[in-house]
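Below are the chains, spelled out letter by letter.
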Amino acid sequence: MAEMWLVAAPVALVGLFIGSFLNVVIHRLPKMLEAQWAAECHQLMHPDEAPKEQAAYNLVVPRSACPHCGHQIRWYENIPVLSYLLLGGQCSNCKAKISLRYPFVEIVTGALFAYCAYRWGWSWQTAAWCAFCTALVALTFIDWDTTLLPDDITLPLVWLGLIVAALRWNTEVTLINAVWGAVAGYLSLWSVYWLFKLVTGKEGIGYGDFKLFAALGAWFGWQALIPMILLASVIGAIVGVAMKLNSSLREGGYVPFGPFLAGAGVVSLIFGSASILRVVGL
């Protein structure tokens, strides 16, 4: 057991730094996509106009800065968790409060990395499942903030799940089960989407949810889909009711479903899909 902790500790440290980078991804990727879509729409409406030059904005440029005063964050102010504690949770320049979510994302990512390393040791399995956890953390917070599940993350997650199964790095899911898991995951929510739209005339779920569920099917196999969708639906309904009673629902009265799908994926990773059925009473 001690030897496994010697593996888990450095991997957890890597997870903390990955979590720090995920905070950048969560904040910037939706803005990058919106800018891209706006530029494409403008180009379609004005095909004769030369594209306007825009200031570089990506996951690397510009450097991270305080949103209140523009103070550029120095390297020693960006050490996961530690910098937050040393700064007292506030900007070193203007003393504006820094959201607790930044260290929370770092800690969650580090903890998931530690779990994977503790379970699988130094192996390709650990690397694969750490990548899986990284994607789910990013998707959870992006969807909660913006109701977007970017193809830039969901589609590679589908393919990575299939590749991991093909390479036998995921010893619990065969390639055929992974393929049918991806197919069933996508088509099941796609069918629910169209049935709901035909009955109500409204869109009750987004296309990103189809792709995320397909990714979960690729990683866990088709057998795990029903337990995961049950858990995600039950927890989502409970949270939705609680937010409604608390008058904290956003405009339109909806709750993004992606975070609950991602949560079901994490539960399946740690406890197995069979445990989900026991949780929901089946």
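It should be emphasised that the depicted structure is a prediction, and the values quoted were computed from it without experimental measurement. (Residues numbered from 1 in each chain as written. Predicted model: local features only at pLDDT ≥ 70, side-chain atom pairs only at ≥ 80, totals over all residues. Heavy atoms only, no water.)

Asker: Any chance you could explain the overall build of the protein here in plain terms?
Answerer: Looking only at helices and strands, the protein has ten helices and zero strands in total. The N-to-C order of helical and strand elements in the protein reads α-α-α-α-α-α-α-α-α-α. Here the C-alpha atoms of the protein give a radius of gyration of 20 Å, agreeing with the 19 Å that 2.2 N^0.38 yields for 282 residues. Structurally, the protein occupies a C-alpha span of about 60 × 55 × 45 Å along its principal axes. Taking all 282 residues of the protein together, 40% fall into the buried category. Taking the intrachain contacts of the protein between residues at least 6 apart in sequence as the baseline, contacts between residues at least 24 apart amount to 71%. In the protein, 16 side chains carry a positive charge and 16 a negative one; their mean positions are 8 Å apart. (Helix = DSSP H or I, 4+ residues; strand = E, 2+ residues; numbered from the N terminus. Rg over C-alpha atoms; globule rule 2.2 N^0.38 Å. Buried < 20%, exposed > 50% of the residue type's maximum accessible area, 1.4 Å probe, protein only. Contact = heavy atoms within 4.5 Å. Lys, Arg positive; Asp, Glu negative; His and termini not counted. Charge placed at Lys NZ, Arg CZ, Asp CG, Glu CD.)

Asker: Where do I start with the packing of aromatic side chains in this structure?
Answerer: Aromatic ring pairs: the centre-centre distance and the angle between the two ring planes describe each pair. Evaluation of the coordinates by the stated rule reveals 14 aromatic pairs. Ring geometry for W129 against W219: centres 4.8 Å apart, planes inclined by 55°, an arrangement best described as tilted. Placement of the pair is W129 in helix α4 (residues 124-146) and W219 in helix α7 (residues 207-220), with a sequence separation of 90 residues. The class of W129 is buried, set by a relative accessible area of 4%. Aromatic ring contacts, followed pair by pair, group W120, W129, F132, W219 and F220 into a single cluster. Directly above the aromatic system of Y57 lies the positively charged group of R28, at a separation of 5.4 Å from the ring centroid. (Phe/Tyr/Trp six-rings, centres within 6.5 Å; stacked < 30°, edge-to-face > 60°. Lys NZ or Arg CZ within 6 Å of the ring centre and 35° of its normal.)

Asker: Got a minute to help me understand helix α3 (residues 101-120) in this structure?
Answerer: Count 3.6 residues to each turn of an α-helix, and residues three or four apart come out pointing the same way. End to end, α3 covers 28 Å across 20 residues, agreeing with the expected 28 Å (1.5 Å per residue, within 8%). Residues P103, V105, E106, T109, G110, L112, F113, A114, C116, A117 and W120 constitute the buried set of α3. Looking one or two places after α3, you find G121, whose phi comes out positive at around 70°. (Expected span 1.5 Å × (residues − 1).)

Asker: Could you clarify how one ought to interpret the nonpolar core in this entry?
Answerer: Most often, soluble globular proteins keep nonpolar side chains buried together rather than apart. Counting 63 residues, the largest nonpolar core has F132, L157, F220 and M228 as its most contacted members. Broken down by secondary-structure element, the contributors of at least two residues to this core are α1 (2-45), α3, α4, α5 (151-166), α6 (175-200), α7, α8 (225-245) and α9 (258-271). No other element matches α4, which puts twelve residues into this core. Once you skip the residues sitting within four places of it in the chain, M228 turns out to touch F213, L216, F220, A264, G265, S268 and I276. (Core = buried A, V, L, I, M, F, W, Y, C linked by side-chain atoms within 4.5 Å.)

Asker: Whenever I open this one, the side chain of D209 confuses me. Can you help?
Answerer: Following the sequence through the fold, D209 ends up in helix α7. Here D209 sits buried without a salt bridge, and the closest side chain of opposite charge, K211, lies 10 Å off (N-O distance). (Salt bridge = Lys/Arg side-chain N within 4 Å of Asp/Glu carboxyl O.)

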